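Take a look at the letters that make up each chain.
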Amino acid sequence: MHSFSEKALRRVIRLLRSRRAELATSDASEVPRRRLEIAWTAADREAIELVALAAAPREGAIVALCRMSTGATRDTYIVLNPIAPVAGDLSYHRGRLVTVTARYWNRAIDQRADAGPGTGLCVLHTHPGEGVPVWSGDDDRADEELARFLFGEGFLPPDAPLLSLVASHSDLRGRALNLDHATGAVDMRPVERVRTLGPDRLAVASTIDRVWPRDHREVPIHADRSVRVFGREGQRLLADVHVALVGNGGVGSIVGDQIARWGVGRVSGWDPDVVEDLNINRSGVFSFADAALKRPKAQALVEALPAFALVRDLDTRWSQHDVRDPRELPALLDADVVVMLVDDVRPRHFINRLAYAHYIPALDGGNAIRSTAENDANAESATVESGGVRVSHLTPGGPCLWCTGHINARRLSLAFRPADDVAADRARGYVEHLGPEHAPSVMPVNSMTAALIMCRLQDLLFGLSGRAVPEVYFDVMAGTLDELPRARQSGCRQCVRWEGQADGAQLPFAE
Amino acid sequence: MSRQVVKDQAAHLARPGATVRCVDDGETVVVILEKYTPPNGEAYLPSELDALAFVVPAVFPDASPDPSGFFVSPPTLVVATSKAQPQSSGATTLLGQQWLKFSWGSKVHSWNPDTDTLATHLANIEARFHRGT
């Protein structure tokens, strides 16, 4: 399906023959196995597949850019910026079999170079019809030639991603291509899972090449009632999802409890704080025993989950480190979705950028209550003046927390103030920009926040509403729930600038 | 990277007779202008400061310089006419040293990371000295 100049092709064939022996003896088992996934936006996927499948009944093809997002146990190839073929970019032999011409490759190579370091290429071709597409012998040879040509001739740096996809009208397969420059061997790693991020939905699907064992989990035996909602397939989907829970305090601990009971199969928790007596009246899971032991919140939450998790062999991980610690990044990049429930603007700024850069959608939730007693923990009486719960959905193509004004340069800066200076301001009564030292918080409002997070997560995974809902707001006083009109700000230096940059993105780590 | 942006921009704040020093402090950079003469300095005693300082987060310029105020030394600075401590100021500690903090931020200027720099931030600080109170 690929095509090069005759000279390049002859060179590739010579190389192929001379390295056949090494190819035959290469031992992939020596390399620790990592899962390979692809992630793309629903808009890019539609553009790519529609263009390529439009050639049916002939094969079609299209080239796009791709970048790598490197997690602890998986590599995600982010596919983006499709480069639509123009007349003369594709040619056919035997009437139906597509080849990508040298002219098309040259255009793609130029665009890749302009896209910056870490950018690679993805080529998708089609096998029109229904069913799982099968790699043909021609496909295998063409992919090997492609890898030898692009890597061998220096058009792709050795660490740049190169991805080959084949799509039918109903299914998709893929493989990453790498050239071992020392031996000349071409390594092909199958794509095991595909994440498609839309404004309304995160669609997660395994390919036929999936070998990671979680795909073969049985439906939990106690899932009777929830199977009646989304079926056994829906329950398997949940068991396959990895939720990163950033912030394991009042709301976060309730959400952690609920996602485990719901049937999510992997939960990772981050929180730097320890459980205190004052946390118990507005949290889930935590006990006074946890407080007496000053257990880290993340540990107390995550280690409690297996006792009631629907998935009995729930995968868990917890960390007391700041989620902005560079050592935590690989674990974060293993997640399918981030649920963020923190007051501190700094980790919210960090996760906000990560969500767009690495194509990991995030739900950001929070609540606020204004009361006449908000600065007095010993007030005899109080009047609630206002209260609200907000949940925002952060996903590529949609507005980020900067677009919607939930983070701005001033708020972010205030979060970095030296503790001594903040204490001095409080002592002098300059609290306008600080807010109450301990924000009012109460169980029903925390429960409502958790419920909204859960419903938005359910909508995201199962596409119930079928429409983009960037933000919902519950008015505690009025008892009303509204969808707020939110739009991306053109040129946003957070989401627009870093979207899809993956490992090439500069993340605002803690220093 | 962002710390370097702070330090590069801070270098441009130097004036004849004054020096600029940047001190890393946790996730912030403290920019210190030593031997700083504020505009309308005669309204204060002393009229020349040992130092003016402000805090800049390391994620600058996404985050603005600290909008809650700035610091001056000596912490005994007073208004020349009243001999009183300037309005909205108070003693505080920064980098282990005593300073007088002016709790002041521009009410009309919101930080734009695409156009604002430490020079525009310093201009806002200097607007406070023009008040002479």
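Since the model is a prediction, treat every value here as computed from it, not as a measurement. (Residues numbered from 1 in each chain as written. Chains lettered and ligands numbered in written order. Predicted model: local features only at pLDDT ≥ 70, side-chain atom pairs only at ≥ 80, totals over all residues. Heavy atoms only, no water.)

1. Details of the overall build of chain A
Inference 1: Along the backbone of chain A there are 15 helices and 19 strands.
Inference 2: Principal-axis analysis of the C-alpha atoms places the extent of chain A at approximately 85 × 50 × 40 Å.
Inference 3: Per-residue burial for chain A yields a buried fraction of 52% across its 511 residues.
Inference 4: The contacts in chain A between residues at least 6 apart in sequence include a share of 70% that link residues at least 24 apart.
Inference 5: Entry remark: accessible area of chain A is about 21800 Å², with carbon and sulfur atoms responsible for 52%.
Inference 6: Side-chain charges in chain A split into 60 positive and 67 negative, and the spacing between the mean points of these groups amounts to 4 Å. (Helix = DSSP H or I, 4+ residues; strand = E, 2+ residues; numbered from the N terminus. Buried < 20%, exposed > 50% of the residue type's maximum accessible area, 1.4 Å probe, protein only. Contact = heavy atoms within 4.5 Å. Areas by Shrake-Rupley, 256 points an atom, 1.4 Å probe, with all protein chains shown as cover. Lys, Arg positive; Asp, Glu negative; His and termini not counted. Charge placed at Lys NZ, Arg CZ, Asp CG, Glu CD.)

2. Considerations on the sheet that holds strand E7 (residues 89–94) of chain B
Inference 1: Read from one edge to the other, the open sheet built from six strands follows the order E1-E2-E4-E5-E8-E7 (chain B), with strand pairing classed as antiparallel. Of all the strands in the sheet, just strand E1 (19–25) and E7 of chain B have a single pairing partner and so form its edges. Neighbour to neighbour, the strand axes of the sheet diverge by 30° on average, direction disregarded.
Inference 2: Across the sheet, helix H13 (residues 419–428) of chain A lies against strand E5 (70–73), E7 and strand E8 (97–102) of chain B, angled at about 155° from E7(B), the strand it touches most. (Pairing = 2+ DSSP bridges. Axes fitted to C-alpha atoms, helices over the stretch in contact; angles between N-to-C directions.)

3. Focus on the pattern of salt bridges
Where charged atoms from two side chains of opposite charge come close, those side chains can pair.
Inference 1: Within the structure shown, the criterion is met by 52 salt bridges over all chains.
Inference 2: Residue B:Asp114 pairs with A:Arg493 through a salt bridge whose shortest N-O separation is 2.8 Å. Of the two residues, B:Asp114 is situated in the loop between E8 and helix H2 (118–131) and A:Arg493 in the loop between strand E19 (480–483) and helix H15 (495–498); the pairing between them involves two chains.
Inference 3: The network of salt bridges with shared partners includes A:Arg35, A:Glu37, A:Arg74, A:Arg193, A:Arg195, A:Arg210, A:Asp240 and A:Asp336. (Salt bridge = Lys/Arg side-chain N within 4 Å of Asp/Glu carboxyl O.)

4. Brief notes about the pairing of E19(A)
Residues and elements named next belong to chain A.
Inference 1: Here strand E18 (residues 471–475) pairs with E19 via four bridges, running antiparallel. Bridge assignment links Tyr 473 to a residue of E19, and that residue is Asp 482.
Inference 2: Between E18 and E19, which pair antiparallel and follow one another directly, the connecting turn spans four residues, one of which, Gly 479, has a positive phi of 70°.

5. Things to note about the packing of aromatic side chains
Inference 1: According to the stated counting rule, one finds eleven aromatic pairs over all chains in the structure shown.
Inference 2: On the numbers, 5.5 Å between centres and 50° between planes, the contact of B:Phe70 with B:Phe129 is tilted. Residue B:Phe70 is located in strand E5, and its partner B:Phe129 is located in helix H2; the two are separated by 59 residues in the primary sequence.
Inference 3: Taking relative accessible area as the criterion, B:Phe70 reaches 1% and is therefore assigned buried.
Inference 4: These aromatic residues form a ring-pair network of at least three members: B:Tyr36, B:Tyr44, B:Phe70, B:Phe102 and B:Phe129.
Inference 5: Taking NZ or CZ as reference, A:Arg175 lies 3.7 Å from the ring centre of A:Trp135, over its face.
Inference 6: Seen from the ring of A:Phe416, A:Arg346 lies directly overhead, with NZ or CZ sitting 5.5 Å from the centre. (Phe/Tyr/Trp six-rings, centres within 6.5 Å; stacked < 30°, edge-to-face > 60°. Lys NZ or Arg CZ within 6 Å of the ring centre and 35° of its normal.)

6. Structural notes on the packing of helix H6 (residues 224–240) of chain A against helix H14 (residues 443–462) of chain A
Packed helices, taken two at a time, are described by the angle their axes make and the gap between the axes.
All names here are of chain A.
Inference 1: Contact geometry of H6 with H14 gives a least axis separation of 11 Å together with a crossing angle of 105°. Comparing their axes, H14 and H6 come out roughly perpendicular. Side by side, H6 and H14 meet where Phe 230, Gly 234, Leu 237 and Leu 238 of the first sit next to Gln 458, Leu 461 and Phe 462 of the second.
Inference 2: Classifying every residue of the contact of H6 with H14 gives five nonpolar, two polar and no charged. (Parallel < 35°, antiparallel > 145°, perpendicular 65-115°, else oblique. Nonpolar A, V, L, I, M, F, W, Y, C, P; charged D, E, K, R; others polar.)

7. Some remarks on unusual backbone geometry
Inference 1: Following A:Ala56, the chain continues to A:Pro57 via a peptide bond in cis, the omega torsion being 10°.
Inference 2: Look at B:Lys83: it is not a glycine, yet its phi comes out positive at around 60°.
Inference 3: By the secondary structure assignment, B:Lys83 is in the loop between strand E6 (78–79) and E7.

8. Some remarks on the nonpolar core
Residues and elements named next belong to chain A.
Inference 1: Of all hydrophobic cores here, the largest spans 92 residues; its most connected members are Ile 38, Trp 105, Leu 121, Leu 150, Leu 162, Leu 163 and Val 255.
Inference 2: Ranked by residues supplied to this core, first place goes to H14 with nine residues.
Inference 3: One finds Met 340, Ala 357, Leu 401 and Cys 495 within the second-largest nonpolar core, a separate group that totals 36 residues. (Core = buried A, V, L, I, M, F, W, Y, C linked by side-chain atoms within 4.5 Å.)

9. Some words on the environment of A:Phe149
Inference 1: Relative to the helices and strands, A:Phe149 is located in helix H5 (residues 137–152).
Inference 2: For the pair A:Phe149 and A:Leu310, spaced 161 residues apart in sequence, the C-alpha separation works out to 49 Å.

10. Let's talk about helix H11 (residues 345–357) of chain A
Residues and elements named next belong to chain A.
Inference 1: Under the 1.5 Å per step criterion, the end-to-end length of H11 is 18 Å for 13 residues, consistent within 8% with the ideal 18 Å.
Inference 2: Burial of H11 is extensive: twelve of the 13 residues sit out of reach of the surface.
Inference 3: Along H11, the positions that sit buried rather than exposed are Val 345, Pro 347, Arg 348, His 349, Phe 350, Ile 351, Asn 352, Arg 353, Leu 354, Ala 355, Tyr 356 and Ala 357.
Inference 4: Taking the backbone nitrogen of Arg 346 as reference, a side-chain oxygen 2.9 Å away marks Asp 344 as the first, capping residue of H11.
Inference 5: In the segment just after H11, Tyr 359 is the residue with positive phi, at about 55°. (Expected span 1.5 Å × (residues − 1). Polar contact = N/O pair within 3.5 Å; in protein donor to acceptor, adjacent residues only side chain to side chain.)

11. A few points about the side chain of A:Arg112
Residues and elements named next belong to chain A.
Inference 1: Summarising the element assignment, Arg 112 is placed in helix H4 (residues 102–114).
Inference 2: Comment: no salt bridge for buried Arg 112; closest opposite-charge side chain is Asp 159, at 7.5 Å.
Inference 3: Leave out the neighbours within four places in its chain, and Arg 112 touches Leu 65, Thr 119, Gly 120, Leu 121, Phe 155, Leu 156 and Pro 157.

12. Concerning the packing of helix H7 (residues 250–262) of chain A against H14(A)
All names here are of chain A.
Inference 1: Look at H7 against H14: their axes get within 9 Å of each other, and the N-to-C directions meet at 45°. Classed by the angle they form, the pair H7 and H14 counts as oblique. Relative to H14, H7 is oriented so that their crossing is right-handed. Contacts between H7 and H14 involve Gly 250, Val 251, Ile 254, Val 255, Gln 258, Ile 259 and Trp 262 from the former and Met 443, Asn 446, Ser 447, Thr 449, Ala 450, Ile 453, Met 454, Leu 457, Gln 458, Leu 461 and Phe 462 from the latter.
Inference 2: Residues of the contact of H7 with H14, tallied by class, amount to twelve nonpolar, six polar and no charged. (Left-handed = near helix turned anticlockwise from the far one by under 90°.)

Limitation: the analysis is restricted to geometry and does not speak to function.
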